[in-house]
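# A look at the structure
Here's the letter readout for the chains.
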Amino acid sequence: MTDTPNTSLAGQLAARFGDTLAITTVRNETVAELAAADLLAVAAALRDEPAFRFGELIDLCGIDYLGYGQVEWDTETVTGTGFSRGVEGQAQGRFDWAGRPRGERRPRRFAAVIQLLSIEHNRRLRLRVFCEDDSLPLVPSLTAVWPGVNWFEREAFDLYGIIFDGHPDLRRILTDYGFVGHPFRKDFPLIGNVEVRYDPEQKRVIYEPVSIEPRVLVPRTIRDDADLMQAKAEAADHWREN
Amino acid sequence: MQEIRNYTMNFGPQHPAAHGVLRLIMEMDGETIVRVDPHVGLLHRGTEKLAESKPFNQSIGYMDRLDYVSMMCNEHAYVRAIETLLGIEAPERAQYIRTMFDEITRILNHLMWIGSNALDLGAMAVILYAFREREELMDVYEAVSGARMHATYYRPGGVYRDLPDQMSKYRESPWHKGSDLKRINSWREGSMLDFLDAFTADFPSKVDEYEELLTTNRIWKQRTVGIGVVSPELAQQWGMTGAMLRGSGVEWDLRKKQPYAKYAEMDFDIPVGVNGDCYDRYLVRVEEMRQSNRIIRQCVEWLRANPGPVMVKNFKVAPPSRVEMKQDMEALIHHFKLFTEGYCVPAGETYCAVEAPKGEFGCYLVSDGANKPFRVHLRAPGFAHLSSMDTIVRGHMLADVVAMIGTYDLVFGEVDR
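Predicted model, so just to flag it, every value in this text is computed and none were measured.

## Regarding the overall build of chain B
- When you go through chain B residue by residue, the secondary structure sums to 18 helices and eight strands.
- Its C-alpha atoms give chain B a radius of gyration of 23 Å, within 12% of the compact-globule value 22 Å for 417 residues.
- Projected onto the principal axes, the alpha-carbon positions of chain B cover approximately 90 × 60 × 40 Å.
- Across the 417 residues that make up chain B, the buried fraction comes to 61%.
- With an accessible surface of roughly 15400 Å², chain B has 52% of that area assigned to carbon and sulfur atoms.
- Taking the 48 positively charged and 57 negatively charged side chains of chain B as two groups, their mean positions are separated by 4 Å.

In structure tokens, the structure reads:
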């Protein structure tokens, strides 16, 4: 089925919600960005209105945009500092609890990403809600619209510290009882903070500061994807020759 | 009059019927469940965070360890997400191999499920039969990847290598020799496809054996019929997919509705249940094994007739062959770059889902253009299913909780991630 502006999901959403949603369609995946304040009304409409009927909430996850697009290895120009470039930096996995980056600010750092599925229309939609305040990321809870979102919101709270306003039971879910911090935030060390072992003398499980060193083998780089395009062209040539 | 109060019972995390490390805090009124609070996360390994610190290809092996009884389906979701962002497509033969192995994986998973679920509900024999066939399919995993379970076989751009010409054989031992050895090796004389041909010709009769043990078994029906009824509305509200949704009569299968790999070319049926109870879900899964068997046969037939490449010839993504690498300078550079730095994936985001044996297994991948993913989120079917536990088991008996855990087909590798 070919979609015209009237039948495509993006077109229908734009016609129904207007400026409330910022809609993009990439590779047939429709993404709608909206403000936290509009979320509940939009969600209820998406679930109930016959044009949408997104009866299933497939997934909700948190995301932390801190450090988005940052690299440890400059590939644009040649520098004089040589190969040590790769082992310095503050990227994921390179710092411990004491050396974690602090005070770094990024506008619109946290977001909740929601994947919806309409079984009736066989369509998917992705919603993204940015949290306005970094220090207290707040998103309204969708538990009243799709009860199945309960644990997904608990997970996003546990791992990212996003608070879902109106959630009936916002407890940690994946981390340990009594865990401190939100481990999937980009400024939380990959090696963690504490480790746990059984102490035969005290005859109980004890917590200690981690003993492992942070270590990352491969530096994070961003290359212009021109070489990828070139490789595609080469591959096409290769098929023609053979 | 004496006041009778509910009491709280702890179930697990070390309990044979918990299918791993599930802890349930149950509020009981006599033997009836009033409220249940599942505690998960005891197997949390931070897979998604680990993946953010590694080049894309190095995390494929982690995917096997999520749902560790349906390994290659997890890989498939992750690999498809990378391929979507890269804008590449695996060669046709690789797509058929993936389809075939997805179905082998589905049978592996359902065999594990039927065996352990029956064991939980008091039928000892089924697991022994199920593991007999599981072992044969494990050998197929081993033949293509060298590992019985954690295969890391799917790669962005195809599969790691083509199917082997020979199937491994049993060696002579004090327990297997002479005509006995010859009998157990009789399927293994030819290639892997010959072996699968023999296996799939025989497998429907094996499914009949399991059905004989269970389908009309009085105890089995007493434990499953009318237990854990999930209405179609409830299933959708709680984000259920896979057999949990189909058992309630909703005909929804990504292999049919949003086909990937070569499912559009396959001829197979989607079984659906009527009542949405544990028994219907059992029947759905048993029928799925038969349908998977059909798909494997179609793939085997196609793969026999159509040799070809199984990996894209794009050296930015897939390594050159060993021979090329030893002879060609450029190939050597490609190989070195690929295994040290990896490849950069264009900035963007995608959500790719596959119909894993347990339901919809999805991978939400965000790339900022680097050689490592910016965010990987894995949508595990078991996580959504288990969250509905409290709603479904209220009012059931304690023993039915075990039936419910079984019918969810839980594996904590994927629930806890």
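## Side note on the sheet that holds strand β8 (residues 375-379) of chain B
All names here are of chain B.
- Judged by pairing direction, the sheet is antiparallel, and its three strands sit side by side in the order β6-β7-β8 without closing on themselves. Every other strand in the sheet has two partners, leaving β6 (348-356) and β8 as the edge strands with one partner each. Pairwise comparison of adjacent strand axes, ignoring direction, gives a mean angle of 10° for this sheet.
- The pairing of β6 with strand β7 (residues 359-367) spans nine bridges and is classified as antiparallel. Among the inter-strand pairings, Cys352 is bridged to a residue of β7, identified as Cys363.

## Focus: the interface of chain A and chain B
- At the junction of the two partners, chain A supplies 62 residues and chain B supplies 68 residues.
- Together, the buried faces of chain A and chain B total about 5600 Å²; carbon and sulfur atoms form 57% of this surface.
- The largest share of the area that chain A buries against chain B comes from Trp151, Leu174 and Phe184 of chain A, three residues that together contribute 13% of it.
- On the surface where chain A and chain B come into contact, there are seven salt bridges.
- In this structure, Asp37 of chain B engages Arg171 of chain A in a salt bridge whose closest nitrogen and oxygen atoms are separated by 3.0 Å.
- Linking chain A to chain B there are 29 residue pairs in polar contact (both at pLDDT 80 or more).
- Secondary-structure elements contributing two or more residues to the side of chain A that touches chain B are β2 (29-34), β3 (56-64), β4 (110-118), β5 (123-130), α3 (150-160) and α4 (226-241) of chain A.
- The element best represented in the side of chain A that touches chain B is β3 of chain A, accounting for nine residues.
- Each residue belonging to the side of chain A that touches chain B can be placed in one class, and the counts come to 34 nonpolar, eleven polar and 17 charged.

## Re the packing of aromatic side chains
Residues and elements named next belong to chain B.
- Counted under the stated rule, the structure contains 23 aromatic pairs over all chains.
- Relative to Phe203, the ring of Phe199 has its centre 5.2 Å away and its plane inclined at 20°; by these criteria the two rings are stacked. Within this pair, Phe199 and its partner Phe203 are both found in helix α7 (residues 192-214), separated by four residues, close to a single helical turn.
- The class for Phe203 is buried, based on a relative accessible area of 0%.
- Cation over ring: Arg98 sits above Tyr154, and NZ or CZ is 5.6 Å from the ring centre.

## A word on the sheet that holds strand β3 (residues 32-39) of chain B
Residues and elements named next belong to chain B.
- Overall, antiparallel pairing links the three strands, which are arranged β1-β2-β3 in an open sheet. The strands lining the two open edges of the sheet, one partner per strand, are β1 (7-11) and β3. The mean angle between the axes of side-by-side strands here comes to 25°, regardless of whether they run parallel or antiparallel.
- In this structure, strand β2 (residues 23-29) lies alongside β3, joined through seven bridges in antiparallel fashion. Note on β3: the bridge partner recorded for Ile25 is Asp37.

## Here we look at the pattern of salt bridges
Residue and element names in this part refer to chain B.
- One pass over the structure, following the stated rule, counts 53 salt bridges over all chains.
- The partner of Glu136 in a salt bridge is Arg188, with the nearest N and O atoms 3.0 Å apart. Residue Glu136 is located in helix α5 (residues 125-145), and its partner Arg188 is located in the loop between α6 (179-184) and α7; the two are separated by 52 residues in the primary sequence.
- Glu136 gets classed as buried once you look at its relative accessible area, which sits at 19%.
- Arg188 gets classed as buried once you look at its relative accessible area, which sits at 2%.
- In this structure, Arg294 and Asp269 form a salt bridge, with 3.1 Å as the shortest nitrogen-oxygen distance. Of this pair, Arg294 sits in helix α12 (residues 278-305) while Asp269 is found in the loop between α11 (254-257) and α12, placing the two residues 25 residues apart along the sequence.
- Salt bridges here are not isolated pairs; linked through shared partners, they connect Glu103, Arg106, Arg246, Asp253, Arg255, Glu288 and Glu355.

## A word on the side chain of Arg220 of chain A
- Position of Arg220 of chain A among the secondary structure elements: in the loop between β9 (204-209) and α4.
- Assessed through its relative accessible area of 8%, Arg220 of chain A is described here as buried.
- Not counting the four nearest positions on each side in its chain, Arg220 of chain A is found in contact with Gln70, Val71, Glu72 and Trp73 of chain A together with Glu52, Asp368, Ala370, Asn371, Lys372, Pro373 and Phe374 of chain B.

## A closer look at α7 of chain B
Residue and element names in this part refer to chain B.
- Here α7 spans 32 Å end to end across 23 residues, near enough to the 33 Å set by a 1.5 Å rise per residue.
- At Phe203, α7 shows its largest bend, some 35°, and a proline, Pro204, comes one to four positions later.
- Considered for burial, the residues of α7 that qualify are Met192, Leu193, Phe195, Leu196, Phe199, Thr200, Phe203, Lys206, Val207, Tyr210 and Leu214.
- Among the structural elements, α4 (92-120), α5, α8 (218-224) and α12 are those in contact with the buried residues of α7.
- Backbone nitrogen of Leu193 and a side-chain oxygen of the N-cap are separated by 3.3 Å at the start of α7; the cap is Ser191.

## Things to note about a nonpolar patch on the surface
All names here are of chain A.
- Side chains of Val194, Val196, Tyr198, Val205 and Tyr207 sit close together on the surface and give an oily, nonpolar patch of about 490 Å² of accessible area.
- Put simply, the parts of the chain that give the nonpolar patch at least two residues each are β8 (194-199) and β9.
- Ranked by the residues each element gives to the nonpolar patch, the list is headed by β8, at three residues.
- Structurally, Tyr198 is set in strand β8.

## Topic: the environment of Lys177 of chain B
- Here Lys177 of chain B lies in the loop between β5 (158-159) and α6.
- The spatial distance from the C-alpha of Lys177 of chain B to the C-alpha of Glu133 of chain B is 21 Å, given a sequence separation of 44 residues.

## Some words on the pairing of β3 of chain A
Residue and element names in this part refer to chain A.
- Burial within β3 is extensive, with nine of its nine residues counted as buried.
- Alignment of β3 against β4, held across eight bridges, turns out to be antiparallel. Paired with Glu56 across the two strands is Leu117, which belongs to β4.

## A short note on the packing of α7 of chain B against α12 of chain B
Residues and elements named next belong to chain B.
- At their nearest, the axes of α7 and α12 sit 9 Å apart, and the two run at 170° to each other. Our classification of the angle between α7 and α12 gives roughly antiparallel.
- In terms of residue class, the contact of α7 with α12 is built from 15 nonpolar, two polar and seven charged.

## Digging into helix α3 (residues 71-86) of chain B
Residues and elements named next belong to chain B.
- In this model α3 runs 23 Å from its N-terminal to its C-terminal C-alpha over 16 residues, within 8% of the 22 Å that 1.5 Å per residue would give.
- Along α3, 14 of the 16 residues are buried, which leaves the element largely enclosed by surrounding structure.
- Positive phi appears at Gly87, one or two residues downstream of α3, with a value of about 75°.

What counts and how
Residues numbered from 1 in each chain as written. Chains lettered and ligands numbered in written order. Predicted model: local features only at pLDDT ≥ 70, side-chain atom pairs only at ≥ 80, totals over all residues. Heavy atoms only, no water. Helix = DSSP H or I, 4+ residues; strand = E, 2+ residues; numbered from the N terminus. Rg over C-alpha atoms; globule rule 2.2 N^0.38 Å. Buried < 20%, exposed > 50% of the residue type's maximum accessible area, 1.4 Å probe, protein only. Areas by Shrake-Rupley, 256 points an atom, 1.4 Å probe, with all protein chains shown as cover. Lys, Arg positive; Asp, Glu negative; His and termini not counted. Charge placed at Lys NZ, Arg CZ, Asp CG, Glu CD. Pairing = 2+ DSSP bridges. Axes fitted to C-alpha atoms, helices over the stretch in contact; angles between N-to-C directions. Contact = heavy atoms within 4.5 Å. Buried area = accessible area lost by both parts, 1.4 Å probe. Salt bridge = Lys/Arg side-chain N within 4 Å of Asp/Glu carboxyl O. Polar contact = N/O pair within 3.5 Å; in protein donor to acceptor, adjacent residues only side chain to side chain. Nonpolar A, V, L, I, M, F, W, Y, C, P; charged D, E, K, R; others polar. Phe/Tyr/Trp six-rings, centres within 6.5 Å; stacked < 30°, edge-to-face > 60°. Lys NZ or Arg CZ within 6 Å of the ring centre and 35° of its normal. Expected span 1.5 Å × (residues − 1). Bend = angle between axes of the 7 residues up to and from the residue. Patch = residues over 30% accessible without salt bridge, like charges linked within 9 Å, V, L, I, M, F, W, Y side chains within 5 Å. Parallel < 35°, antiparallel > 145°, perpendicular 65-115°, else oblique.

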